Amino acid sequence: MQLKIAYSPCPNDTFVFDAWAHGRVPGAPHLDVTFADIDVTNGWAEGGTDGHDVLKVSYAVLPWILDEYALLPCGGALGRGCGPLVLTREAGTGADLAGKTVAVPSERSTAYLLFRLWAAETVPGGVGEVVVLPFHEIMPAVRDGKVDAGLVIHEARFTYKSYGLHCLADMGEHWESTTGLPIPLGAIVARRSLGAETLRLLADSARRSVRMAWDDPVASRPYVMEHAQEMDPKVADQHIGLYVNEFTADLGEAGYAAVRGLLTRAAAEGLVPPLGPDALSFP
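First things first, this report covers the structure right here in the doc. The residue numbers shown here count from 1 along each chain, following its written sequence. Since the coordinates come from a predicted model, pLDDT governs what is reported: local features require at least 70, and pairs of side-chain atoms require 80 or more to be given and counted, while whole-chain, interface and lining totals use all residues. The basis for every side-chain value is the complete set of heavy atoms in the structure, and neither hydrogens nor water enter the calculation.

Here a strand pair is declared whenever DSSP counts at least two bridges between the two strands. Labels follow the DSSP assignment, with helices taken as runs of H or I lasting at least four residues and strands as runs of E lasting at least two, numbered in each case from the N terminus. The pairing of strand 1 (residues 2–7) with strand 2 (residues 30–35) spans 6 bridges and is parallel. When the bridges of strand 2 are listed, Gln2 appears paired with His30. The path from the first strand over the helix to the second decides the hand: if it runs clockwise while the strands point away from the viewer, the crossover is right-handed. Considered for its hand, the β-α-β crossover made up of strand 1, helix 1 (residues 11–21) and strand 2 is right-handed. As defined by bridge partners, strand 1 adjoins strand 3 (residues 54–58) across 2 bridges and the pair is classed as parallel. Bridge pairing links Ile5 to Val54 in strand 3.

Laid out in structure tokens, this is it:
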């Protein structure tokens, strides 16, 4: 069996899928891998016609795609202390963003949902214009005064100070302090049309792949660094340490509670359609 999969070139994804992508997971389907930014894979999932069987997407996009795709209970990014940041040129408070322009990497991302939930409580009257920029352009845009603030994810947690920027707020800290739940970021989904048996095989393969990476992290290093876009190896290691954790191996009760909590709150704010009672169920 060969399946088409799309995930990002970020270190957490290449670390998780290295063993599987290189045929080291016994009995796992062969993978035909496409690398794509998560905003692109979100669009593919919503379109439903791109031809990929498995996709890494934002948890925020699930309400639009769960008729076609099933959420796998492993392989994704969900954790604590790993939330998106709002960055500005000067130190300040959330109130300072009232009416201001904020750059975000996507309006279909978990980061954006967390930002909107935070802003609803923190920014009087709300922010002004929200503009979508490619992830790598956001920090330079804030630094150069093209936007007033930027919402950033991933390795920007470790590099924003080199741009002379300040962290105005940590969306993850806000989410964890108000809910007590971990932060749902990226999900692995697969077409329901593959059938329950294949879906269970995919989940098992993803789980074994991440455990093999943990058992022998050196084995994944060439794949991780090949696609890390000139990232410093130490930053790549920090990235993996932050985003690959026990929830990557199995969402578990707390993981599912976090996903339901985020999407329920977002639906209450009118940001996403409401979930059906069995939308997150896995065969």
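Next, the rest of the story.
Any two rings among Phe, Tyr and Trp, with Trp reduced to its six-membered ring, count as a pair given centres within 6.5 Å; such a pair is stacked if its planes are under 30 degrees apart, edge-to-face if over 60, and tilted if neither. Within the structure shown, the criterion is met by 5 aromatic pairs. Measuring from ring centre to ring centre gives 6.1 Å for Phe35 and Tyr223, while their planes differ by 55°; the resulting arrangement is tilted. Linking Phe35 in strand 2 with Tyr223 in helix 9 (residues 217–226), this pair joins segments that are 188 residues apart in sequence. The cut-offs for exposure are 20% and 50% of the maximum accessible area for each residue type, with area from a 1.4 Å probe on protein chains only; residues under the lower value are buried, those over the upper are exposed, and the others partly exposed. A residue is classified by how much of its surface remains accessible, and Phe35, at 30% relative accessible area, is partly exposed.

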